[in-house]
Amino acid sequence: MADSNTASQPSTRFVSRVWRSIFRRPLVPRSDRERKLMVLDSLILHIHPSTVPEKTLQLSLTWGLGGMAAILMTILLVTGVMLMFAYTPSPAQAYNDILNLQTNVWFGQLVRNLHHWSGNAMLVVAFLHMLRVFFTGGFREPRQFNWIVGITLLLLTVGANFTGYLLPWDQLAYWAVTVGTGLVEYIPLVGKWIQTVILGGPEVGAATLLNFYGLHIALIPIAMLSLMSYHFWRIRKDGGVVIPRVPDEPGEQKVSRVTTIPHLVLRELVVALVLIAAILLFSMAVNAPLEELANPDVSPNPAKAPWYFLGIQELLLHFHPLVAALVIPTLTLGALILLPYFDADLDSVGVWFRSYKGRRMALEAAMIGLVGTPLLVLADEFVIDFVGWLPSLPTLVSNGLVPLAMVLLLLIGFYDWMKKRFAATNCETVQATFVLLLTAFIVLTIVGIWFRGPGMALMWPWDVSSAVVGH
Ligand code: HEM
């Protein structure tokens, strides 16, 4: 085969050489280059098993989202270390360091943009990865513990983004963190104390910046890297990524397997390169935001938390703070952790949306959430007034427990109605209820980002005249 190449074009020879080096490895290295390739192979095989089910190669099974989160983490670590060379975590220095980085340091603006957009992208990608695992039933036995590890990773990703938000020490950072940490205050008895510990004092200041810096550059990344290693190890231990089950009956076709190198690794390489190219292009085109220097005396109107907390900030406008900032997030987290125990149907693992019926139910639930949530927001804004209607009750009851009980009753009614109407299984109905809540959360976040103006009043996103900065 080598001889036949001598007469071919240089480009064909190059492709043929790459092809041979990937697909036709000798068992014993004959040169230094071959030895290096073998070391690379064995490095890859520390992470992956030597063979994987052929179905795993199908992009639409996972969309490569977990791998993308890992790539983004790598970009964040590399750019983060670069940024540390140009940054001092003190209120007197931080903002000027960022300005200096953007104007005087070679590629400083690009490195900052890459770090900023990769952080945001990682939140979105990790969230989508969680949805993928949910919709393909990847949280069920034996993967239920890795599901909890994943939830912790998602919370840490939120923590990493939030602590990084403060570091530029501009108006956006200062007030978003003031509002974001204000949510903690609503926890009964210990809320104020926790808030003071996080802030390192009564309000956002030098101690907060130092606390957030330590969490952002050391504690959270170390926790994430350790958990990620464990997450990857567990994936192997649990038999790899979920694929549709093959019945154990005799005579049934066995799962067909392919070698990890080159089949899986090549696909991972393509996903990684496309992602890196996309994030690089985006970072070249769009700068990370930077407003004026933080000023504790001038608060913007509206003062909003970072975008990923705006769903919760929106809930605060409709429920008593204790219910909005503590009860609902805790119930949601508890339900996510307990999910593998509500929904343990092993027959539909690896099948997107459980079944054809499950897909139709999910679509209908999304439609109901899409129309119902804005209607409820409008009704609460202009019609419903529990505090006025039930003046003798404490607001925790009238504006907290009463509306919460009504929402829970609506959810139970929805579950029952869907189950009967579609003659569905429990797992299909749990999924539809999850989709309803997910859509509601996304709609609330969108309302919080684009439809709230000064005084957090409802406004149209294009009505820029009302989005002024006040005092
Ligand atoms: C934030 C960082 C995360 C990273 C780097 C990561 C990485 C990965 C990777 C590479 C896989 C293999 C399949 C794939 O690429 O999709 C995977 C699988 C898995 N992940 Fe994650 N993940 C993260 C977060 C999460 C979250 C937020 C959850 C759920 C709450 C989760 C739960 C799981 C489970 C249960 C599996 C095994 C089941 C399966 O793959 O079908 N992970 N993860």
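Residues numbered from 1 in each chain as written. Predicted model: local features only at pLDDT ≥ 70, side-chain atom pairs only at ≥ 80, totals over all residues. Heavy atoms only, no water.

1. What about the coordination of the iron atom of the ligand?
All of the protein donors around the iron atom of the ligand are His129 (NE2) and His231 (NE2); their distances to the metal are 2.1 Å. Taken together, the 6 donor atoms coordinating the iron atom of the ligand and their angles of 87 to 179 degrees define a geometry best described as octahedral. Taken together, the positions of His129 in helix α6 (residues 108-135) and His231 in helix α10 (residues 206-237) put the pair 102 residues apart, joining distant regions of the chain. (Donors = N, O, S within 2.8 Å, 3.2 Å for Na, K, Ca; no water. Tetrahedral: all angles 85-135°; square planar, octahedral: opposite > 155°, others 65-115°. Helix = DSSP H or I, 4+ residues; strand = E, 2+ residues; numbered from the N terminus.)

2. Topic: the pattern of salt bridges
Side-chain pairs of opposite charge can arise where the charged atoms are in close proximity. Here the structure, examined in full by the defined rule, presents 10 salt bridges. Its salt-bridge partner being Lys192, residue Glu185 comes within 3.9 Å of it at the nearest N-O pair. Residue classification places Glu185 among the partly exposed residues on the basis of a relative accessible area of 39%. For the salt bridge of Arg354 with Asp343, the shortest nitrogen-to-oxygen distance reads 3.4 Å. Of this pair, Arg354 sits in the loop between α13 (321-342) and α14 (356-382) while Asp343 sits in the loop between α13 and α14, and the two are 11 residues apart along the sequence. Residues joined in a network through salt bridges with shared partners are Asp32, Arg35 and Lys36. (Salt bridge = Lys/Arg side-chain N within 4 Å of Asp/Glu carboxyl O. Buried < 20%, exposed > 50% of the residue type's maximum accessible area, 1.4 Å probe, protein only.)

3. Things to note about the packing of helix α4 (residues 65-84) against α10
Where α4 meets α10, the axes come as close as 12 Å, and the angle between the chain directions of the two elements is 155 degrees. In terms of their interaxial angle, α4 and α10 are classed as roughly antiparallel. Where α4 crosses over α10, the two elements pack in a sense that is left-handed. On α10, the residues touching Ala70, Met73, Leu77 and Met84 of α4 are Tyr213, Ile217, Pro221, Met224, Leu225, Met228 and Phe232. Here the contact of α4 with α10 is composed, by residue class, of 11 nonpolar, no polar and no charged. (Axes fitted to C-alpha atoms, helices over the stretch in contact; angles between N-to-C directions. Parallel < 35°, antiparallel > 145°, perpendicular 65-115°, else oblique. Left-handed = near helix turned anticlockwise from the far one by under 90°. Contact = heavy atoms within 4.5 Å. Nonpolar A, V, L, I, M, F, W, Y, C, P; charged D, E, K, R; others polar.)

4. Notes on the site of the ligand
Lining the immediate environment of the ligand, one finds 25 residues, of which His129, Arg132, Gly150, His231 and Val242 sit closest. Within the side chain of His129, a nitrogen or oxygen atom sits 2.8 Å from a nitrogen atom of the ligand. Here Arg132 contributes a side-chain N or O atom positioned 2.9 Å from an oxygen atom of the ligand. If you list the elements that add at least two residues to the shell around the ligand, you get α4, α6, α7 (144-166) and α10. Taken together, the residues that form the shell around the ligand break down as 15 nonpolar, 8 polar and 2 charged. (Near = heavy atom within 4 Å. Polar contact = N/O pair within 3.5 Å; in protein donor to acceptor, adjacent residues only side chain to side chain.)

5. Observations regarding the domain arrangement of the protein
According to the domain assignment, the protein contains domain 1 (3-47), domain 2 (53-299) and domain 3 (310-471). Both faces combined, the contact of domain 1 with domain 2 buries some 600 Å², and carbon together with sulfur accounts for 77% of it. Put simply, domain 1 and domain 2 have 2 residue pairs in polar contact (both at pLDDT 80 or more) between them. Counting residues per element, the side of domain 1 that touches domain 2 draws most heavily on helix α2 (residues 32-47), which supplies 5 residues. Considered class by class, the residues forming the side of domain 1 that touches domain 2 number 5 nonpolar, 1 polar and 1 charged. (Domains from an automatic or database assignment. Buried area = accessible area lost by both parts, 1.4 Å probe.)

6. Notes on α13
Note: α-helices contain 3.6 residues per turn, so residues at a spacing of three or four share the same orientation. Helix geometry: α13 is bent most strongly at Leu336, by close to 35 degrees, with proline Pro340 lying one to four residues after it. Every buried residue belonging to α13 is among Leu322, Val323, Ala324, Ala325, Ile328, Leu336, Leu339 and Pro340, and all of these are buried. Those residues of α13 that are buried lie in contact with α6, α7, α12 (310-316), α16 (395-422) and α17 (426-450). (Bend = angle between axes of the 7 residues up to and from the residue.)

7. Let's talk about the packing of α16 against α17
At their nearest, the axes of α16 and α17 sit 9 Å apart, and the two run at 135 degrees to each other. With respect to α17, the element α16 is oriented oblique. Viewed along their axes, α16 and α17 form a crossing whose handedness is right-handed. Counting all contacts with α16, which are made through Leu411, Phe414, Tyr415, Met418 and Lys419, the residues of α17 involved are Asn426, Thr429, Val430, Ala432, Thr433, Leu436 and Leu437. Grouping the constituent residues of the contact of α16 with α17 by class yields 8 nonpolar, 3 polar and 1 charged.

8. Description of the confidence of the model for the protein
On average, residues of the protein carry a pLDDT of 91, and 91% of them reach 70 or more. Low confidence marks residues 1-7, where pLDDT is under 50. Its contacts with residues over four positions away, or in another chain, come to 5 contacts. Predicted confidence for residues 466-471 stays below pLDDT 50, and this span has 14 contacts to residues more than four positions away or in other chains. (pLDDT = per-residue confidence, 0-100.)

9. What to know about a nonpolar patch on the surface
A surface patch of nonpolar side chains, about 840 Å² in accessible area, is lined by Leu363, Met367, Leu370, Val371, Leu375, Leu378, Phe382 and Val383. For Val371, the location among the structural elements is in helix α14. Overall, Val371 belongs to the exposed group, its relative accessible area being 52%. (Patch = residues over 30% accessible without salt bridge, like charges linked within 9 Å, V, L, I, M, F, W, Y side chains within 5 Å. Areas by Shrake-Rupley, 256 points an atom, 1.4 Å probe, with all protein chains shown as cover.)

10. Remarks on the side chain of Thr157
The residue Thr157 is located in helix α7 in this model. Polar contacts involving the side chain of Thr157 include one to the main-chain carbonyl oxygen of Leu153, which spans 2.6 Å.

11. Things to note about the environment of Leu57
Mapped onto the elements, Leu57 comes out in the loop between β1 (51-53) and α3 (59-62). If sequence neighbours within four positions are ignored, Leu57 has contacts with Val52, Val258, His263, Leu264 and Arg267.

12. Some points on the packing of aromatic side chains
How two aromatic rings sit relative to each other is set out by the distance from centre to centre and by the angle between their planes. Under the criterion given, the structure shown has 22 aromatic pairs. Judged by centre distance (6.0 Å) and plane angle (80 degrees), the rings of Phe145 and Tyr230 are edge-to-face. Here the residue Phe145 occupies a position in helix α7, and Tyr230 occupies one in helix α10, the gap between them amounting to 85 residues. Take Phe145: its relative accessible area is 43%, and that puts it in the partly exposed class. The exposure class assigned to Tyr230 is partly exposed, which follows from its relative accessible area of 28%. Seen in terms of ring centroids, Tyr308 and Phe309 are 5.2 Å apart; in terms of plane orientation they differ by 70 degrees. Their pairing is edge-to-face. Each member of the pair, Tyr308 together with Phe309, is buried. A network of ring pairs unites the aromatic residues Phe134, Phe135, Phe139, Trp147, Trp352, Phe353 and Phe434 as a single cluster. Here the basic side chain of Arg354 rests over the ring of Phe134, its NZ or CZ set 4.9 Å away from the ring centre. (Phe/Tyr/Trp six-rings, centres within 6.5 Å; stacked < 30°, edge-to-face > 60°. Lys NZ or Arg CZ within 6 Å of the ring centre and 35° of its normal.)

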